[in-house]
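One letter stands for each residue in the lines below.
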Amino acid sequence: MTLELVSSTKAFDGVQQRYRHFSETLDCTMHFAIFLPPMAERMDREPQLPALYWLSGLTCTDENFSQKAGAQRMAAELGIALVIPDTSPRGEQVADDENYDLGQGAGFYLNATRDPWQHHYRMYDYVLEELPALVEQQFPLNGRRAIAGHSMGGHGALVLGLRNPDRFSSISAFSPICNPSDCPWGEKAFSSYLGTKREEWEAYDASRLIEGATEHLPILISQGDDDEFLQRELKPQVLQAAAEAADYPVKIEHHAGYDHSYYFIATFIEQHLRFHADFLLKP
């Protein structure tokens, strides 16, 4: 695949870059961001760097996390690459909706099965297969992957990690949508993308997936207690109950006074990166 460099900025002696490429999976042009720590310059493309894949939330692009979270300093110190995809397919030919919680900017990291969405909206396959294959071919990444995200992206990180424990070393999330089958954001997206058969939604619901998980990955979740979406949309208590019933060790930390914003993410991103480093960097 051909990559087109859109921008490149030095940060913490590493480099923050943005690329454009045509996605066969999504049948449209996509952007992604990547941060390479300073040691990448000395590797001559030898595959030595592990990567954390970050999935952003509703209305975000690949640029929100790289510009607002302040993750590069710790990623540079630890020697971890950051790979940041967009949140949905984009373009004039791609189906969209006038509301912010469906369509472009709201891909929900699933493979749509209903029109008009199913042709382009295959973010699950893009994040799981196409994007890792692309970046591991083009950059000195060693195939060790962790996954994290925020809100809708936290939902995506949990689902992708729980369904593919052989592909990721660890999972973390900020303010994830934990039970999308039973919240307004999830019900709207799932009924549109997947249809009305609720049993088909369970493949993308972390609270349901954790019940049947046979392999356990380390999971860290950070939730602000002043989050305006906490009770109506996020429902971490449902995931916690499911994890306890399944004897799946999930660490959910509640933080008084914090909301749903990137100020919350920036405050605790170092903890999340160190959490993933324990598994990405072990011999």
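See above for the structure.
The shown structure was predicted, so the numbers you read here are calculated from the model rather than taken from an experiment. Along each chain, residue indices are assigned from 1 in the same order as the chain's sequence is written. With pLDDT at 70 or above as the cut-off, local features in this predicted model cover only qualifying residues; side-chain atom pairs require 80 or more to be listed or tallied, and sums for whole chains, interfaces and linings still use all residues. By convention in this description, side-chain values take in all heavy atoms of the structure and omit both hydrogens and water.

Moving on to the side chain of Q72. By secondary structure assignment, the location of Q72 is in helix 2 (residues 72-78). As used in this structure description, the phrase polar contact means that two N or O atoms lie within 3.5 Å; if the pair is within protein, one of them must be able to donate a hydrogen and the other to accept it, and residues adjacent in sequence are counted only when both atoms belong to side chains. At a separation of 2.8 Å, a polar atom in the side chain of Q72 contacts the main-chain carbonyl oxygen of S66. It only takes one pair of heavy atoms within 4.5 Å for two residues to be counted as in contact. Residues in contact with Q72, not counting those within four places in the same chain, are F12, Q16, F35, S66 and L82. The helix and strand labels rest on DSSP assignments: H or I over at least four residues marks a helix, E over at least two residues marks a strand, and numbering proceeds from the N terminus.

Let us look at the pattern of salt bridges. What makes a salt bridge here is a side-chain nitrogen of Lys or Arg within 4 Å of a carboxyl oxygen of Asp or Glu, nothing more. For the structure shown, the criterion picks out 18 salt bridges. For R114, the salt bridge goes to E200, with nearest N and O atoms at 3.9 Å. Of this pair, R114 sits in the loop between strand 5 (81-85) and helix 3 (123-138) while E200 is found in helix 6 (residues 198-201), placing the two residues 86 residues apart along the sequence. For R114, a relative accessible area of 32% puts it in the partly exposed group. Within this structure, R73, E77, E270 and R274 form a network of salt bridges that share partners. Exposure categories follow from relative accessible area, calculated using a 1.4 Å probe and restricted to protein chains: below 20% of the type maximum is buried, above 50% is exposed, and the middle band is partly exposed.

Counting 69 residues, the largest nonpolar core has F32, F108, F139, I147 and Y193 as the members making the most contacts within it. If you tally residues by element for this core, the top one is helix 3, at eight residues. With residues up to four places along the chain from it excluded, the contact list for F108 reads L58, T87, D101, M152, H155, I177, W185, G186, A189, F190 and Y193. Formed by 27 residues, the second largest nonpolar core is a distinct cluster that contains W54, A71, L273 and L280. Here the nonpolar core consists of buried residues drawn from Ala, Val, Leu, Ile, Met, Phe, Trp, Tyr and Cys, with membership extended through side-chain atoms lying within 4.5 Å.

A word on helix 10 (residues 262-280). By definition, a residue's bend is the angle between the axes fitted to the seven residues ending there and the seven starting there. Roughly 50° is the biggest bend found in helix 10, and it falls at F268. Residues Y262, F264, I265, F268, I269, H272, L273, F275, H276, A277 and L280 constitute the buried set of helix 10. Sitting at the head of helix 10, S261 places a side-chain oxygen 3.2 Å from the backbone nitrogen of Y263.

What follows is about the side chain of S88. Relative to the assigned elements, S88 resides in the loop between strand 5 and helix 3. The class of S88 is buried, set by a relative accessible area of 0%. In terms of polar contacts, S88 uses its side chain to reach the backbone amide nitrogen of G105, at 2.7 Å. Excluding residues that lie within four positions of it along the chain, S88 makes contacts with M30, G103, Q104, G105, A106, G107, Y121 and M123.

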